[in-house]
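Below are the chains, spelled out letter by letter.
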Amino acid sequence: MASQAGNLKKGEFIKYQGDIWQIQKTEFYSPGKGSALMRTKLKNVTSGKTIDFNFKSNESVETIDVSSIEMQYLYKDNENAYFMDNQTYQQYEVSRSVIGNVIKYFKEGELMYVFVYGDATLNIRPPASVTLKIVQTEDAAKGDTVSGAKKEAELETGAKVMVPLFIKKGETIIVNPETGQYTGRA
Amino acid sequence: MKIHSNPQNLQNYQTYLQVVRCIEMFLQEKGYLKLDLPVLTPALIPESYLEIFETEFRYFDTLEKLFLTPSPEIFIKRLLSDGIKDCYYLGKSFRNSEPNSSLHSPEFTMLEFYKVGKDYKFMAQEVLQMLSAISYQLYKKDIIVYQGKKVSFHKWEEYTVAEVFQKYADVQPDELFHEKKFMKRAGEKGYEIKNATYNDLWSQMYVQEIEHHLGTHGYPTVLYDYPVQFAALSKPNADGNTAQRFEFYIAGIELGNCFSEITDAKLQATRFAMENKERKKSGKIDHPVDWEFITVLENGLPESTGIAIGVERLGMLFTNVATIEDIKLITIA
């Protein structure tokens, strides 16, 4: 499918220079001389590499139709993360270099959408929030009442996040996996 | 689109107001006359890369198309030809089909000022003095820190367009000014050249490979002498390839655009016709062309130079914030 670069949106997948890329960011830019441009940040779905590229806003770009399938996250190794389609029980792998840091916040068994093109997986769509238990954090020192002060906490997945001082070991909290930020108590 | 109120930006907004005050003080002390100008006009200067906002005046059976001005130039040059000397406009301008982004919104605050009897090189020095004056007023020194990087207004980093294409994009002058050779080179570099014009590819390569380097080495960068293709209203240089236009940059952000103004009516009429044809070809809103502007030149526009500066962008730099939205109390987005 062809689309004018000016219409590209974050999250879409395109074919560019023979590879498939997911659009991470777009911004329209008119430099006032020559064509207006669509600034994009693109992530290569094979290598995980990101590049900045400026398309002419009227340039035809090949967008690809991908299906997003809800899957269960099974486990990971050094190279890949493994998922299962709960309808067909078919297993899929996605390269960890493409998924990036969000994987640190996933418990085995977590449900999320995986983008599939033909037989190949492209990337996951991370859930907006995940619920995780705190396995280690220091008790807040008495009298430390600075508003907004934070401390480090280790989650059940091994990831570390900054939490408010009043949060205790054993509590369950909500984290945004894309930013790695604490958003509240569960 | 929605209306957003941003009271959290009050402090940034106050710095922005100070920047505006410094600009006006600087210009008025130098004898520039402040102009209060309309933003609705019945005719426009044709500019092929700008889309416009169209509205209409209605009174019983009378219906007349009016357009929001994308720049105050159309009025200022009339005044110059009528004998008004150095002057400036600081107010709203409007550009359609350019969505909100970190550096732009469809209505924005523009500073245009004109100096009679001088050329673009003089204007570059005037602008540097203005930047330095704002910096001194705000921070008592001529250095600011923008997003972690120092910028000194002590001098310009100066380049010609041909020099930066050589330095950053490895494109030689004989390729840069030769449309066919340039397009071939762009194709070799991997740009999509199908259905693209020289101007489109030039713009794409410039933004992709060059622009982000400009104004990042401790000083603002001034870039002189654009190919004639990008200089609809500026005076051509004797080399036949370039025109007297400069732009200046800080931290990779374009802040202003200056010309030595065309005074040759015949040349201007040709450029108008060309730009108007381009507008029609690209399906832009049809508007009456201000042909009287040509008469203005025939009557004699004095030798002059004019610059347009994005005031919100300048405010953003002196406030050290990453987007123009950060200095606004109300945004429409």
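Residues numbered from 1 in each chain as written. Chains lettered and ligands numbered in written order. Predicted model: local features only at pLDDT ≥ 70, side-chain atom pairs only at ≥ 80, totals over all residues.

Caption draft 1: Spotlight on the nonpolar core. Residues and elements named next belong to chain B. Ile23, Leu223 and Phe246 are the most contacted members of the largest nonpolar core, which has 120 residues in total. Here this core takes seven residues from helix H3 (residues 120-139), the largest share from any one element. Beyond its immediate chain neighbours, meaning those up to four positions away, Phe246 contacts Tyr120, Ala124, Val222, Leu223, Tyr224 and Cys258. (Core = buried A, V, L, I, M, F, W, Y, C linked by C-beta atoms within 7 Å. Buried ≥ 20, exposed ≤ 12 C-beta atoms within 10 Å, placed from the backbone. Helix = DSSP H or I, 4+ residues; strand = E, 2+ residues; numbered from the N terminus. Contact = placed C-beta atoms within 7 Å.)

Caption draft 2: Inspection of the sheet that holds strand E11 (residues 120-125) of chain A at higher detail. Residue and element names in this part refer to chain A. If you walk across this open sheet you meet the five strands as E9-E8-E7-E10-E11, and the pairing is antiparallel. Strands at the two margins of the open sheet, each flanked by one partner only, are strand E9 (91-95) and E11. Neighbour to neighbour, the strand axes of the sheet diverge by 45° on average, direction disregarded. Here five bridges tie strand E7 (residues 67-76) to strand E8 (residues 80-85), and the two strands are oriented antiparallel to one another. (Pairing = 2+ DSSP bridges. Axes fitted to C-alpha atoms, helices over the stretch in contact; angles between N-to-C directions.)

Caption draft 3: Layout of the interface of chain B and chain A. Each side of the interface is counted separately: chain B has 19 residues, and chain A has 15 residues. Elements that contribute at least two residues to the side of chain B that touches chain A include exactly helix H7 (198-210) and strand E13 (253-260) of chain B. Sorting elements by how many residues they give to the side of chain B that touches chain A places H7(B) first, with seven residues. Across the side of chain B that touches chain A, the residue classes tally to seven nonpolar, eight polar and four charged. (Nonpolar A, V, L, I, M, F, W, Y, C, P; charged D, E, K, R; others polar.)

Caption draft 4: Quick peek at the confidence of the model for chain A. Of all residues in chain A, 96% attain a pLDDT of 70 or more, and the chain-wide mean is 91. When mean pLDDT is taken per element in chain A, strand E5 (residues 50-56) of chain A scores highest with 96 and E11(A) scores lowest with 89. (pLDDT = per-residue confidence, 0-100.)

Caption draft 5: Representation of the domain arrangement of chain A. Residues and elements named next belong to chain A. Taken domain by domain, chain A comprises domain 1 (2-64), domain 2 (67-125) and domain 3 (130-185). Computed from C-alpha atoms alone, the centre-to-centre distance between domain 1 and domain 2 is 24 Å. Taken residue by residue, the interface counts seven residues in domain 1 and seven residues in domain 2. Within the side of domain 1 that touches domain 2, the residues separate by chemical class into four nonpolar, three polar and no charged. (Domains from an automatic or database assignment.)

Caption draft 6: Main features of the environment of Pro127(A). Residues and elements named next belong to chain A. Mapped onto the elements of the fold, Pro127 is located in the loop between E11 and strand E12 (130-137). Pro127 sits in the partly exposed class, given 17 other C-beta atoms within 10 Å. Considered as a pair, Pro127 and Val45 are 82 residues apart in the sequence and their alpha carbons are 19 Å apart. If we ignore the near neighbours within four places in the chain, the residues touching Pro127 are Met112 and Pro177.

Caption draft 7: Region of interest: unusual backbone geometry. In the Ramachandran plot, Tyr89(A) falls in the positive-phi region, its phi being about 65° despite a non-glycine side chain. Locating Tyr89(A) in the fold gives a position in the loop between E8 and E9. Of note in the backbone geometry, Gln147(B) takes a positive phi value of approximately 45° without being a glycine. Following the sequence through the fold, Gln147(B) ends up in the loop between strand E8 (143-146) and strand E9 (149-152). Overall, Gln147(B) belongs to the exposed group, with 10 C-beta atoms counted inside 10 Å.

Caption draft 8: Summary view of the sheet that holds strand E3 (residues 40-41) of chain B. Residues and elements named next belong to chain B. Across the sheet, three strands lie side by side as E3-E5-E4; this open sheet has antiparallel pairing. Looking along the sheet, the strands with just one partner apiece sit at the ends: E3 and strand E4 (53-59). Relative to strand E5 (residues 62-68), E3 is paired through two bridges, and the arrangement is antiparallel. Each bridged residue has a counterpart across the sheet, and for Thr41 the counterpart in E5 is Phe67.

Caption draft 9: A look at the UniProt feature "domain: Aminoacyl-transfer RNA synthetases class-II family profile" (unreviewed entry) in chain B. In this structure's numbering, the residues bearing the UniProt feature "domain: Aminoacyl-transfer RNA synthetases class-II family profile" (unreviewed entry) are residues 19-332 of chain B. Within residues 19-332 of chain B, the helical portion is 35% and the strand portion 26%, while the C-alpha atoms at the span's ends are 22 Å from each other. (UniProt positions renumbered as here; feature names shortened; annotations may be inferred.)

Caption draft 10: Summary view of the UniProt feature "domain: Translation elongation factor P/YeiP central" (unreviewed entry) in chain A. The residues that UniProt annotates with the feature "domain: Translation elongation factor P/YeiP central" (unreviewed entry) are residues 68-122 of chain A. From the first C-alpha to the last, residues 68-122 of chain A spans 10 Å; its make-up is 7% helix and 55% strand.

Caption draft 11: Expanded view of the pairing of E7(A). Residue and element names in this part refer to chain A. Bridge count for E7 against strand E10 (residues 111-117) is six bridges, and the pairing is antiparallel. Of the residues in E10, the one forming a bridge with Ser68 is Phe115. If you look at the hairpin formed by E7 and E8, you'll find three residues sitting between the two strands.

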